[in-house]
Amino acid sequence: MGGPRPRSGIIADSGPWAVRDRTTMLIHVPEVLDPATVAQFREALDRSDWADGRATVGAQGAQVKRNEQLPADHPLTRALGDRILRALASHPVFLSAALPLRTLPPMFNRYRGGGHYGLHVDGALMRERDSAQPLRTDLSSTLFLCEPDDYDGGELVVVDTYGTHEVKLPAGDLVLYPSTSLHRVEPVTRGERVCAFFWTQSLVRHDWQRTMLYELDQTIQRLRARLGDDEDTTALTSHYHNLMRAWIDT
Ligand code: NI
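What counts, and where the lines are drawn
- Residues numbered from 1 in each chain as written.
- Predicted model: local features only at pLDDT ≥ 70, side-chain atom pairs only at ≥ 80, totals over all residues.
- Heavy atoms only, no water.
- Donors = N, O, S within 2.8 Å, 3.2 Å for Na, K, Ca; no water.
- Helix = DSSP H or I, 4+ residues; strand = E, 2+ residues; numbered from the N terminus.
- Buried < 20%, exposed > 50% of the residue type's maximum accessible area, 1.4 Å probe, protein only.
- Patch = residues over 30% accessible without salt bridge, like charges linked within 9 Å, V, L, I, M, F, W, Y side chains within 5 Å.
- Areas by Shrake-Rupley, 256 points an atom, 1.4 Å probe, with all protein chains shown as cover.
- Salt bridge = Lys/Arg side-chain N within 4 Å of Asp/Glu carboxyl O.
- Contact = heavy atoms within 4.5 Å.
- Polar contact = N/O pair within 3.5 Å; in protein donor to acceptor, adjacent residues only side chain to side chain.
- Axes fitted to C-alpha atoms, helices over the stretch in contact; angles between N-to-C directions.
- Parallel < 35°, antiparallel > 145°, perpendicular 65-115°, else oblique.
- Nonpolar A, V, L, I, M, F, W, Y, C, P; charged D, E, K, R; others polar.

**Digging into the coordination of the nickel ion**
(1) Moving on: Looking at the nickel ion, the protein donor atoms are His120 (NE2), Asp122 (OD) and His183 (NE2), and they sit 2.1 to 2.2 Å from it.
(2) Moving on: Along the chain, the residues donating to the nickel ion fall in the pattern H-x1-D-x60-H. Of the two residues, aspartate 122 is situated in the loop between strand S7 (116–120) and strand S8 (125–127) and histidine 183 in strand S15 (residues 182–185); the sequence distance between them amounts to 61 residues. Judged on exposure class, the residue aspartate 122 and its partner histidine 183 are both buried.

**Some remarks on a nonpolar patch on the surface**
(1) Moving on: Together, Leu119, Val121 and Leu182 line one region of the surface with nonpolar side chains, adding up to about 230 Å² of accessible area.
(2) Moving on: Within the element layout of this structure, leucine 119 appears in strand S7.
(3) Moving on: With a relative accessible area of 39%, leucine 119 lands in the partly exposed category.

**Observations regarding the environment of leucine 236**
(1) Moving on: Here leucine 236 is to be found in helix H6 (residues 231–247).
(2) Moving on: Since its relative accessible area comes to 27%, leucine 236 is described here as partly exposed.
(3) Moving on: The sequence separation of leucine 236 and leucine 104 amounts to 132 residues, and the corresponding C-alpha distance is 32 Å.
(4) Moving on: Residues within four places of leucine 236 in sequence aside, it is in contact with Leu216, Ile220 and Leu223.

**Brief notes about the side chain of asparagine 67**
(1) Moving on: Inspection of the secondary structure assignment puts asparagine 67 in the loop between strand S3 (65–66) and strand S4 (68–69).
(2) Moving on: Among the polar contacts listed, one links the side chain of asparagine 67 to the side chain of tyrosine 111, at a separation of 3.0 Å.
(3) Moving on: In contact with asparagine 67, other than residues within four places in its own chain, are Ala51, Asp52, Gly53, Asn109, Arg110, Tyr111 and His116.

**Regarding the packing of helix H1 (residues 35–46) against helix H3 (residues 75–89)**
(1) Moving on: One can describe the packing of H1 onto H3 by two numbers: an axis separation of 11 Å at closest approach and a directional angle of 170 degrees. Here H1 is positioned roughly antiparallel relative to H3, judged by the angle of their axes. Here Thr37, Gln40, Phe41, Ala44 and Leu45 of H1 lie close against H3, whose contacting residues are Leu76, Leu80, Arg83 and Ile84.
(2) Moving on: Counted by class, the contact of H1 with H3 contains six nonpolar, two polar and one charged residues.

**Considering the environment of glutamate 186**
(1) Moving on: Assignment of secondary structure puts glutamate 186 in the loop between S15 and strand S16 (188–190).
(2) Moving on: As a C-alpha pair, glutamate 186 and alanine 55 span 131 residues in sequence and 20 Å in three-dimensional space.
(3) Moving on: Here arginine 184 takes part through its side chain, which lies 3.5 Å from a polar atom of the side chain of glutamate 186.

**Structural notes on the environment of threonine 200**
(1) Moving on: Counting through the fold element by element, threonine 200 comes out in strand S17 (residues 192–202).
(2) Moving on: Residue threonine 200 is classed as buried on the basis of its relative accessible area, which comes to 0%.
(3) Moving on: Along the chain, threonine 200 and arginine 184 lie 16 residues apart, while their C-alpha atoms are 19 Å from each other.
(4) Moving on: The contact partners of threonine 200, leaving out residues within four places of it in the chain, are Phe94, Pro100, Arg102, Thr103, Leu135, Arg136, Thr137, Asp138 and Leu139.
(5) Moving on: Among the polar contacts listed, one links the side chain of threonine 200 to the side chain of threonine 103, at a separation of 3.0 Å.

Right under this line is the structure:
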């Protein structure tokens, strides 16, 4: 373990973890899992049998994907995934940023020995195993289960209308990004990169609306912390809920 864990930023164009650009809807969700839980996860995952990640994608994905995945029907996938979903259900940043309607069970992947995932877009619809109900993928999440110092390469690179952003977070932290974006994972040239990943259907379909609601919510919370509850924070809160009422689809 090195110095203090950087918590303030997600996006590094100029150096690891530097804060970049607040106009993109890439959200750093800190401390989803505490260090002891991450260590438990890794102990279990490192002992497991992993499968070729190409088994779970279509033809386009198979051409660019070189990694390993824990099979979806592996008991550990469901057990650890449930713990992640429980942690997210009470995480204020995730709830405020994602406004989740439904999140698919998390999956786990591992990159090492040059493993990478070339530029791709996630499928618009995903289906849980044995479930008839498809999920519209509004948001993609990557939860890091390894420290940035433990491997070289492996940056998640997200390309959106604002440019290209590299993401590499401390173990236990998550990045939330629009599933509409093209993204890739750079080759891992030293060590291993182990992450959980999953998709969320949001109550609010469009990224710009979700971004507005998230920023409004954050602003209200800062004002409330500074000023307490008064007429103005109450008025802003009513705008938040009325915008949400106008925009949610369930
Ligand atoms: Ni992807």
